[in-house]
Amino acid sequence: MASRRKSAESLKPEKKKKKKSCEEETASVCSLVADEQLKEVVKEAWSQRRACTQGDLELDCVPFPHCVIKNFLSSEVFLENLQKELQELNFNLKSNDLYKFKQSDDLKKRTEPHIAGLRSALFGPFRSWLGEVLGVPLEPTVDISCARYGYTDVLLCHDDELEGRRVAFILYLVPPWRSSDGGTLDLYSTDSNFQPQSVVKSLVPSLNTLVLFEVSPVSFHQVSEVLSQDRCRLSVSGWFHGPSLDRPPRHAEPPAARNPHLPIDETLLLEWINPVYLDISYQEQIQEEFEDRSEIQLKDFLKEEKFREVSEALRLTQVQWTKRGPPNKRCYEAACVDSLPQCVTSCWELLHSEAFFLLLSNFTGLRLHFLCPNDEDEDEDEDSKDEERDEAADGVATGSNTQSPAAKASRKKEPSTPLCCGELRRWSHGGYTLLHDAEAARAEYALDLYLPVCGPEWQSEFGGFTCYVANEEDEELLTVYPEDNCLALVYRDKETLKFVKHINHRSSSESFYDFSFVYYE
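Within every chain, residues take consecutive numbers counted from 1 along the sequence as written. With the structure being a predicted model, the display of local features is reserved for residues of pLDDT at least 70 and the display and counting of side-chain atom pairs for 80 or more, all residues being used for whole-chain, interface and lining totals. For side-chain calculations, the full set of non-hydrogen atoms in the structure is used, while hydrogens and water are omitted.

Draft legend 1. The arrangement of the side chain of Asn 96 in detail. For Asn 96, the location among the structural elements is in the loop between β4 (91-95) and β5 (99-104). For Asn 96, the residues in contact, after removing those within four places along its chain, are Asp 474, Phe 499 and Lys 501. Secondary structure counts use DSSP, requiring at least four H or I residues in a row for a helix and at least two E residues in a row for a strand, with both numbered from the N terminus. For this analysis, residues touch if any pair of their heavy atoms sits within 4.5 Å.

Below, the structure is given as structure tokens:
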């Protein structure tokens, strides 16, 4: 393909421009870091896990060791130019169960002069200083990026632990910021099982302030939701790498108790459920659709008057709610079943009833009741007949058949008892659930049921919807949004996990409820 070659004159300005963009500006950090006497004081305080304040440097060890250095960069001009370069980067939306914010690409190879200067300062002289303070060799690994948090952005409770991370750091490049703007760095206390309990300290972002903390089994923290609609929480963050601290065995939660159905007949179905869903031919249509998609949503599931009665009763003060945690796994309220009004108790019993188990079998084709035909049993019967014919033929040929009736019987799979577990949950601003390792390890085939009571005011932009994802992947397979009186059924396999998206500030004072059940064949 022909192209026009530029003249030598036209190339000269371009060459100069390229050279200029690669020149690294020197980032001078505060003089405190160069003070040998101060370094020894901070080193001793860190090793003894006690607080220490020296000018713009403050070390605190509650709830875990962290250090705040104000006026970290010495030059205001450098700081302003750094902000400009960062603002011009491309930012990508990052959103999953744990967070929602915008993040730049990795900064370790960026050539902008002030970004490169900051990187050299952090992972050069400052890394050496920090390694001496900690008394551990920090590796030359560069791990750094830029984050922008806008209105309703958040990073929920986590400990930052990942192989090689030793110290986390955040350099704030924010406009004047108040605690009422949100976006604080919240530090959690932990219990005897090394699980986070509650926020005991909040650090408000401040321009040119560096915060760093030791990554450990108890370094639980979060970035609280940004509540300001006109301020951007800009920061540069990353990790210094080195030998990880010892981790005790992770605490294993006991699994939720599973129960067989309650011996309640179809009278309860006739009393509560929209008659259209009790029609056998319609149930067949539902089953076909469910088997094709592994999920279905059934609108106006309960009779209108019954649903209205439940909706009104849930807002009564007699219902007792218990906060469910720990915050690195979940945050919502669950109802104490003994405190429920009679109509809500009846709805609860409906979802536990034998008749409802059979109805779910008809909706899904799953074996949730002994009356439900099982395709596997039919296949096994055919296989058994084939084997018997083969064995008979072998017997004629060999004159023997060594397999006893007991051995044949042992090959037949004993039918399991269908079980379920459930909660009545209340969701409001700040509610969520997170994916976690224990859930992935215990994942199994199951049928999820949701019956929301949310009212027409609830909007999808508030959050509170349930996302299904493939294990170890962020891509969403399915999203179920809360909708009044709409029964949602989702069948998941061992590689599918779920979470409830954080409910953000847009929800204001709104809240919603849902019956959340899981059924097992």
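Draft legend 2. Seen up close, the side chain of Asp 514. Structurally, Asp 514 is set in strand β24 (residues 512-520). Under this definition, polar contacts are N or O atom pairs within 3.5 Å; protein pairs additionally need one hydrogen-donor-capable and one acceptor-capable atom, and for neighbouring residues in sequence, both atoms have to be side-chain atoms. In this structure the side chain of Asp 514 is engaged in a polar contact, spanning 2.9 Å, whose partner is the side chain of Arg 425. Side chain to side chain, Asp 514 and Trp 427 meet in a polar contact 3.3 Å long. Setting aside anything within four residues of it in sequence, one finds Asp 514 in contact with Glu 423, Leu 424, Arg 425, Trp 427, Tyr 450, Leu 451 and Pro 452.

Draft legend 3. A look at the pattern of salt bridges. The salt bridge criterion pairs a side-chain nitrogen of Lys or Arg with a carboxyl oxygen of Asp or Glu, the two atoms within 4 Å. Applying the stated criterion to the full structure yields 26 salt bridges. For the salt bridge of Glu 423 with Arg 324, the shortest nitrogen-to-oxygen distance reads 2.9 Å. Taken as a pair, Glu 423 in strand β17 (residues 419-427) and Arg 324 in strand β15 (residues 321-324) lie far apart in primary sequence, 99 residues in all. Through salt bridges with shared partners, a single network forms among Arg 178, Asp 181, Asp 230 and Arg 231.

Draft legend 4. Representation of the pairing of strand β2 (residues 57-60). Note that strand β1 (residues 52-54) and β2 share three bridges and pair antiparallel. Along β2, the bridge assignment pairs Gln 54 with Leu 57. The pairing criterion for strands is at least two bridges between them, as found by DSSP. Here β1 hands over to β2 after two residues, with Gly 55 in that stretch at a positive phi of 60°. Both β2 and strand β3 (residues 66-69) contribute to a ladder of four bridges, which runs antiparallel. By the bridge assignment for β3, Asp 60 is matched with His 66. Where β2 folds back onto β3 in an antiparallel hairpin, the turn is made up of five residues.

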